[in-house]
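Given next are the chains, with one letter for each unit.
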Amino acid sequence: MNERIKTTFWLIAYTFTAGLLITLFTVIEDFYRYLFSLLALYIGIRFFRRFETLGFRITFFVLSVVFFLIFSVFYSMIIFIRDTPEALTGA
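Quick caveat: nothing in here was measured; it's all calculated off a predicted structure. (Residues numbered from 1 in each chain as written. Predicted model: local features only at pLDDT ≥ 70, side-chain atom pairs only at ≥ 80, totals over all residues. Heavy atoms only, no water.)

Draft legend 1. Highlighting a nonpolar patch on the surface. A surface patch of nonpolar side chains, about 1000 Å² in accessible area, is lined by Leu54, Ile58, Phe61, Val62, Val65, Val66, Leu69, Ile70, Val73, Phe74 and Met77. Its place among the elements puts Val66 in helix α3 (residues 54–83). The partly exposed category is assigned to Val66, whose relative accessible area is 37%. (Patch = residues over 30% accessible without salt bridge, like charges linked within 9 Å, V, L, I, M, F, W, Y side chains within 5 Å. Areas by Shrake-Rupley, 256 points an atom, 1.4 Å probe, with all protein chains shown as cover. Salt bridge = Lys/Arg side-chain N within 4 Å of Asp/Glu carboxyl O. Helix = DSSP H or I, 4+ residues; strand = E, 2+ residues; numbered from the N terminus. Buried < 20%, exposed > 50% of the residue type's maximum accessible area, 1.4 Å probe, protein only.)

Encoded structure:
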């Protein structure tokens, strides 16, 4: 049971990091965006070396996309609130 929790933790940690890095890649418009792209690729390579089964790899890909979508929605919400404060006050 302990090994299963440890594996789940690592899976979520890798996918969270990859999703965050991909989100930063899409948000930032400077040259540094490519650094986030390379870091996400590096995280993916590290994960694929650590977990060699097909199920974990598919789960990694799916959860990374899910985290990317969640972070993108949160970022869009923050930008909307920052740019249109009158939408919150109802004025």
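So, next bit.
Draft legend 2. Looking closely at α3. With 30 residues, α3 extends 43 Å between its outermost C-alpha atoms, agreeing within 8% with the 44 Å of an ideal straight helix rising 1.5 Å per residue. Taken residue by residue, α3 has Phe60, Ser64, Phe67, Phe71, Ser72 and Ile79 as its buried positions. Looking at the packing, one finds that the buried side of α3 touches α1 (2–27) and α2 (33–50). (Expected span 1.5 Å × (residues − 1). Contact = heavy atoms within 4.5 Å.)

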